[in-house]
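The primary structure of each chain is shown beneath.
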Amino acid sequence: MKITTIVGARPQFIKAAAVSRILRAEPNITEILIHTGQHYDPNLSDIFFKELEIPQPDYHLGIGSGNHGQQTGRMLEAIETVLITEKPDWVLVYGDTNSTLAGALAAVKIHIPIAHVEAGLRSFNRQMPEEINRVLTDHSSDLLFAPTEAAVNNLKKEGIDTNKIHLVGDVMYDAALFYGEKSDRHRQLLQTLNLKPKSYLLATVHRAENTDNVQRLEAIFTALNQIAQQYSVVLPLHPRTRKLLQQNQLEKFTQNLTLLEPVGYLDMVQLEKNARLIITDSGGVQKEAYFYQVPCITLREETEWIELVDLGWNYLISPDHSGAIAQGIKIGLEKSLPININERPYGDGQSAFKIQKILSSKKP
C-alpha cells in the first residue's frame, strides 16, 4: 500500500512525526512525504524535521507565502502533479491549513481516497480560514480520524456517513508522550535565558484573526507588555506577527517582553512544561498546555478544543480590549488547577497505531 502524506506547517510536522514513525514500521506500507513549503522559515520547518526525526520529504514544493487563494491554488496544482506521478492508494492530510485543503482538493478531483487526521473539529466561526479548510476537507474525505467525542458528534450532525468516522484520539498526545521525555534532556534555552520553572509566562500570537486586525494586535501586545511589568513574559515571535507589528508601528508595545525567534519543537516543549501560565491563540499550544498540566489563556472568542474549557484548564478571553486581556491573565494566574487524572479526552497515546491499523485494513 502506498500512502502520500501532505504537510506544510509546524503543527502538521508534529502530527506527522507521530504517525509516519508507525506507518514506516509496517513493511506493507510505503509512505511518500510531500512538504508544500507553507512554513518555509528554517525555524518553522527544517529544525522540526531534524528534532522529530521525520524523514526528509520526497517532494518539497517550495510554495511559500501568499494570499489564501493564491497559496492554495499553487499548492493544489503542484500536489496534483505529484499524485498523478505517484498514484498512491491513499492521501493522508492533517489539521486545517491551506496545505490540508489543497491536498484534499487535489486528491478528490482525481479520485484518490483521502484520510483526514484531526477530523471533526469545529469552532463554528466561519470567519476563520481554518474553519472553512476543516469543513471542506472533512466532506471530501473517505476516512475521518476524529480526536475526540465532540469531533465525532460534529461529523454526525453534518450528515457524514458514520462508517467513515473513527474515534482514534489525538496524535499530538502521542507526540507529547514520545518526545516529552526527550525534551527534558534539552534544556539549553532555559539555561541561556536564565528561566526557572514556573517563574515566567509563555505567549504565542499568530492567528490571522488577531494579527490582521490592528485593534486586536495592539490590544494583545499592550496587555502583554503591561503584564510583563510584573511577570517575565517570553514570546517566540512568528515572522508574520513580527512583520505586522513593524508595519503598524506597534513595536513599542514589546519593550518589556522577552522576544525570541521561532524555536524548535524540543525548546518549545521545555518552555511550555516549565511555564507558570500559557497565553496563546494557537490550537496546538492549547492542547500541549493541557498535556503538560499548565493553565492556559486562549486569546479567542471560541475554541475547537471545547473540552479543555469544560475541564477548567483553558480560559477564553476576547482579544478586543487590552484591559480585559490583562485582567483575564491576572485571574488565570490566581486560579487553582482542576487536577483530575482520570480525564482522558484525547485518548491513550496510541492514536497513530489505530490509524495505521485502520489504513492497513483498507486493501487497495
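As a reminder, the structure under discussion sits directly above these lines.
Residues numbered from 1 in each chain as written. Predicted model: local features only at pLDDT ≥ 70, side-chain atom pairs only at ≥ 80, totals over all residues. Heavy atoms only, no water.

Undergrad: Describe the sheet that holds strand 11 (residues 277–280), naming the residues involved and giving the relevant values.
TA: The sheet built from six strands is open, its strands ordered 10-9-8-11-12-13 with parallel pairing. Looking at strand neighbours, the two that pair on one side only are strand 10 (258–260) and strand 13 (314–316), the edges of this open sheet. Strand-to-strand twist of the sheet, defined as the mean angle between neighbouring strand axes without regard to direction, takes the value 20 degrees. One ladder, built from three bridges, connects strand 9 (residues 232–236) with strand 10; its direction is parallel. (Pairing = 2+ DSSP bridges. Helix = DSSP H or I, 4+ residues; strand = E, 2+ residues; numbered from the N terminus. Axes fitted to C-alpha atoms, helices over the stretch in contact; angles between N-to-C directions.)

Undergrad: Give me the lowdown on helix 1 (residues 10–23), citing residues and values where you can.
TA: Counted at 1.5 Å a residue, the expected span for helix 1 with its 14 residues is 20 Å, and the 20 Å between its end C-alpha atoms agrees. Most pronounced at Ala 16, the bend in helix 1 amounts to some 30 degrees. In terms of burial, helix 1 is a largely internal element, 12 of the 14 residues being buried. All buried positions along helix 1 are accounted for by Arg 10, Gln 12, Phe 13, Ile 14, Lys 15, Ala 16, Ala 17, Ala 18, Val 19, Ser 20, Ile 22 and Leu 23. (Expected span 1.5 Å × (residues − 1). Bend = angle between axes of the 7 residues up to and from the residue. Buried < 20%, exposed > 50% of the residue type's maximum accessible area, 1.4 Å probe, protein only.)

Undergrad: Describe the packing of aromatic side chains, listing the residues and the values that go with them.
TA: For the structure shown, the criterion picks out eight aromatic pairs. Plain terms: the ring middles of Phe 291 and Tyr 346 are 5.9 Å apart, the flat faces sit at 90 degrees to each other, and that makes the pair edge-to-face. You can see Phe 291 sitting in helix 13 (residues 283–291) and its partner Tyr 346 sitting in the loop between helix 15 (322–334) and helix 16 (351–361), a full 55 residues away along the chain. Note on accessibility: Phe 291 and Tyr 346 belong to one class, buried. Members of the aromatic cluster, connected to one another through ring pairs, are Tyr 173, Tyr 290, Phe 291, Trp 305, Trp 313 and Tyr 346. Of note, Arg 21 hangs over the ring of Phe 178, and the distance from its end group to the ring centre comes to 3.7 Å. (Phe/Tyr/Trp six-rings, centres within 6.5 Å; stacked < 30°, edge-to-face > 60°. Lys NZ or Arg CZ within 6 Å of the ring centre and 35° of its normal.)

Undergrad: Tell me what's going on with the sheet that holds strand 3 (residues 59–60), and back it up with residues and numbers.
TA: Sheet architecture is open: seven strands sit in the order 3-2-1-4-5-6-7, paired in parallel fashion. Edge positions in the sheet fall to strand 3 and strand 7 (165–167), since each has one partner strand and no second. For strand 2 (residues 30–35) and strand 3, the ladder comprises two bridges, and the chain directions are parallel. Paired with His 35 across the two strands is His 60, which belongs to strand 3.

Undergrad: Go over the nonpolar core with me, naming the residues and quoting the values.
TA: Counting residues in each nonpolar core, the largest one holds 69 residues, and the members touching the most others are Phe 145, Tyr 265, Leu 271 and Leu 359. With eight residues, helix 1 is the largest single contributor of residues to this core. The residues touching Leu 359, leaving out its near neighbours within four places in the chain, are Met 1, Ile 3, Leu 23, Trp 90, Ala 115, Leu 143 and Phe 145. Formed by 29 residues, the second largest nonpolar core is a distinct cluster that contains Ala 228, Leu 244, Leu 257 and Ile 279. (Core = buried A, V, L, I, M, F, W, Y, C linked by side-chain atoms within 4.5 Å. Contact = heavy atoms within 4.5 Å.)

Undergrad: Account for the pairing of strand 4 (residues 90–94), with residues named and values stated.
TA: Counting buried residues along strand 4, five of its five residues qualify, which places the element largely inside the surrounding structure. Following the backbone out of strand 4, through helix 4 (residues 98–109) and into the adjacent parallel strand 5 (residues 114–117), one traces a crossover that is right-handed. (Right-handed = clockwise from strand over helix to strand, strands pointing away.)

Undergrad: Tell me what's going on with the environment of Gly 312, and back it up with residues and numbers.
TA: When you line up the elements, Gly 312 lands in the loop between helix 14 (306–311) and strand 13. Take Gly 312: its relative accessible area is 17%, and that puts it in the buried class. Measuring from C-alpha to C-alpha, the distance between Gly 312 and Ile 29 comes to 41 Å, with 283 residues separating the pair along the chain.

Undergrad: Just give me the short version of unusual backbone geometry, but keep the residues and values in it.
TA: The phi angle at Lys 87 is positive, at roughly 50 degrees, despite the residue not being glycine. Residue position: Lys 87 is located in the loop between helix 3 (68–86) and strand 4. On the basis of relative accessible area, Lys 87 is assigned to the exposed category, the value being 62%. Of note in this structure, His 111 is not a glycine but carries a positive phi near 65 degrees. Along the polypeptide, His 111 turns up in the loop between helix 4 and strand 5.

Undergrad: Help me get a handle on the environment of Thr 4, residues and values and all.
TA: With respect to the helices, strands and loops of the structure, Thr 4 is situated in strand 1 (residues 2–7). Take Thr 4: its relative accessible area is 0%, and that puts it in the buried class. As for Thr 4 and Ser 360, which are separated by 356 residues in sequence, their C-alpha atoms are 14 Å apart. With near-sequence residues (within four places) excluded, Thr 4 lies in contact with Ile 32, Ile 34, Leu 83, Pro 88, Trp 90, Val 91 and Leu 92.

Undergrad: Would you mind going over the side chain of Thr 148 in detail, with residue names and values included?
TA: Within the secondary structure layout, Thr 148 lies in the loop between strand 6 (143–146) and helix 6 (149–157). Residue Thr 148 is classed as buried on the basis of its relative accessible area of 4%. Each residue touching Thr 148, except ones within four places of it in the same chain, is listed here: Leu 167, Trp 305, Glu 307, Pro 345 and Tyr 346.

All quantities given are derived from atomic positions and should not be read as evidence of function.
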